[in-house]
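So the chains spell out like this:
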Amino acid sequence: MTGAHRTNGTRRAGAGRARGAFGPLVVVGDTLLDEDVEGTATRLAPDAPAPVVDVTGSRRRPGGAGLAAALAATLSAGDGREVVLVTALGADEASDAVRRELRGRVRLVELPLEGTLPVKTRVLSGGRPLVRMDRGGGTPGAPCTAVRVALDRAGAILVADYGRHTADAVRDHLAAVAPHTPLVWDPHPRGGAPVPGARLVTPNAAEVRGLCPGKGSGGGNGREADLGGGRQGEGDAGAMDAVDGRRCEAKPPAPPGAGDTTLRAYAERGAELAARWRAAGVAVTLGERGALLTGPGGGTPMLVPAPYRAVGDPCGAGDCFAAATAVALADGALPEEAVQRAVAEAAAFVAAGGAGNPGLWHRDRPTRPVDEATTDAFTLAERVRARGGTVVATGGCFDLLHAGHVGLLESARRIGDCLIVCLNSDTSLARRKGPGRPLTPQADRARVLTALGSVDAVVVFEEDTPEAVLRRLRPDVWVKGGDYAVQDLPEADVLRGWGGQAVVLPYLDGRSTTLLAHRAARAAVRVDPAGPVAPSGG
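I will try to describe carefully the structure that is included in this document.

Parameters at a glance
As a convention, each chain's residues are numbered from 1 in the sequence order in which they are written. It should be noted that, the model being predicted, local features are given only for residues of pLDDT at least 70 and side-chain atom pairs only at 80 or more, the latter also being counted only at that level, while totals for whole chains, interfaces and linings use all residues. Remark: hydrogens and water are excluded; side-chain values derive from all non-hydrogen atoms of the structure. Here a helix means four or more residues in a row that DSSP labels H or I, a strand means two or more in a row labelled E, and each is numbered from the N terminus. By definition in these notes, contact holds between two residues if any of their heavy atoms fall within 4.5 Å. Buried, partly exposed and exposed residues are distinguished by accessible area as a fraction of the type maximum, computed with a 1.4 Å probe on protein chains only: under 20%, between the cut-offs, and over 50%, respectively. Angles here are taken between N-to-C directions and fall from 0 to 180 degrees, while the axes themselves are lines fitted to C-alpha atoms, restricted in helices to the stretch in contact. For classification, angles of less than 35 degrees are called roughly parallel, those exceeding 145 degrees roughly antiparallel, those between 65 and 115 degrees roughly perpendicular, and all remaining angles oblique. Each crossing gets its hand from how the near helix is turned against the far one by less than a right angle, where anticlockwise is left-handed and clockwise is right-handed. Lys, Arg, Asp and Glu make up the charged group, whereas Ala, Val, Leu, Ile, Met, Phe, Trp, Tyr, Cys and Pro make up the nonpolar group; the residues left over, Gly among them, are polar. Patch membership requires more than 30% relative accessible area and the absence of a salt bridge. Residues of like charge join within 9 Å; the nonpolar side chains Val, Leu, Ile, Met, Phe, Trp and Tyr join within 5 Å. Using a 1.4 Å probe, accessible areas were evaluated by the Shrake-Rupley method; residue-level cover was limited to the displayed protein chains. Counted as salt bridges are all cases of a side-chain nitrogen of Lys or Arg within 4 Å of a carboxyl oxygen of Asp or Glu.

Structurally, Val195 is set in the loop between strand 9 (183-186) and strand 10 (200-201). The spacing of Val195 and Trp185 is 10 residues in sequence and 8.5 Å in space, taken between C-alpha atoms. Once residues within four sequence positions are removed from consideration, Val195 is found in contact with Arg171, Leu174, Ala175, Ala178, Leu183, Trp185 and Trp277.

Tracing the backbone through its elements, the reader meets Thr166 in helix 5 (residues 166-169). The contacts of Thr166, once residues within four sequence positions are left out, are Val28, Gly29, Asp30, Val86, Thr87, Ala88 and Pro140.

Here we take up the environment of Gly395. Assignment of secondary structure puts Gly395 in strand 14 (residues 391-396). Overall, the relative accessible area of 11% leaves Gly395 in the buried class. Note: C-alpha distance between Gly395 and Phe461 (66 residues apart in sequence) is 9.9 Å. Not counting the four nearest positions on each side in its chain, Gly395 is found in contact with Cys422, Trp478, Val479 and Lys480.

Glancing now at the packing of helix 2 (residues 65-75) against helix 9 (residues 317-330). A packed helix pair is summarised by two numbers, namely the angle formed by the two axes and the spacing between the axes. Relative orientation of the contacting elements helix 2 and helix 9 amounts to 45°, with a least axis distance of 9 Å. What the angle tells us is that helix 2 and helix 9 run oblique. Both helix 2 and helix 9 take part in a crossing whose hand is right-handed. Here Leu67, Ala68, Leu71, Ala72 and Leu75 of helix 2 come into contact with helix 9, specifically with Asp319, Cys320, Ala323, Ala324 and Val327. Of the residues contributing to the contact of helix 2 with helix 9, the split by class is nine nonpolar, no polar and one charged.

Together, Leu130, Val131 and Met133 line one region of the surface with nonpolar side chains, adding up to about 250 Å² of accessible area. Positionally, Met133 belongs in strand 7 (residues 128-140). Residue classification places Met133 among the partly exposed residues on the basis of a relative accessible area of 42%.

Most peptide bonds adopt trans geometry, and most residues besides glycine take a negative phi value. One non-glycine residue with positive phi stands out, namely His165, at about 80°. Along the chain, His165 falls in the loop between strand 8 (156-160) and helix 5. On the basis of relative accessibility, which here comes to 40%, the residue His165 falls in the partly exposed class. A positive phi is found at Arg474, a non-glycine position, where the angle reads about 50°. Mapping Arg474 onto the fold places it in the loop between helix 16 (467-473) and strand 17 (477-481).

Below, the structure is given as structure tokens:
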């Protein structure tokens, strides 16, 4: 079974293996230790209006460049590409914790750290942060020969700058390799500018506003308040200003003012930064709006919308976006392709729980490309059940999506709080439908389904029936359309095992994939190379 939440990226066939042979993916930047203290808060302290948190557990994991390297390693697992992390670590306990967690995932090339590794602790209640405490910090020392060798041999480079001077320490080496090595730079307001020649720079919306004060600035450092994209609740008002026909006016549009969050404003800021940094492109991440790719020439920008609205912890989404972009460029993708893939990966990352997702750090997890994720649909089902919601599932081949399918899916979604589609794989569909099927490959079928507003996730199964995947999903309601009787559904007995219910919904008459296929075949037969043949009978 393979999940279909992350099928939107574009990878050239064989490009990963070919490019990976030239060298590893090298991540350069500031590593932190992130700690989450989780608990419940049901009362206030008697001496102050502050919540009292009853701690239920805690987790520690690498953050900053350490997280970016771990994500890059996961994304590169299918290609077997080595990931190298160039970072500053010390002799303190936090540095040792990072080394233990990254051991076996990435190869470390260390700079000395004078001081202690920064530790960022979040206190959460019900999955929501209440407060964050920062402690520690040090200064990176001079790089050794191993750093220069790693950069010289890199197939691609990602700079994950958190404003703590690791990138500054190796800046000369980065500048030397940038002209001939794909380089992605994830900037920070307290860090230096990217070196000239970067293939892509990936600031988020708040960072762009802060870096272009002449074109409006929202203030703040952006990365921590606006992880991976736009601020929560940013509106789309005026987002079509650049294409609404007003370009014909004699007076040019005014530059964006303070707080301007239109796409035109971000396009102008991105183009200004690309020219300032002498970068080939700037990809501004805009949260649930996706990412906007701009260049130094001020041409038409490319907007890559998020494939769906990801609900989850956004912590680390910016690192995921940057890591996915670097991996795609190492695969040989164009910048446009890399941004598309990165947007899809970042959305799936947030939906799966962000950096706090235990599956990201589980040692026994299978090694596979992230775009074949198997957990998104299951994680979604667990999250909906945990908050008392109703999980609805349906299944089928969906070989040619038509109005009957759309009506069924919309009706099914209204039953509960999420809808998961169990999709027959290509081999499963071929066994069921016979020669000539499928008409549409499973990746395309899954992508079309996930584009529908009624569908929250898709999971692909290889078997003839979805019973095995249903036992993992454990939906509350299983929906089928057409002339079935509930007692005739084989899935009904499966659902009864955990108290679920199978239901049948009305189906639009006269709509079916088989009818559409036959109609298309008849139309094709009537077309002659010399021109269409008039139908007989008038």
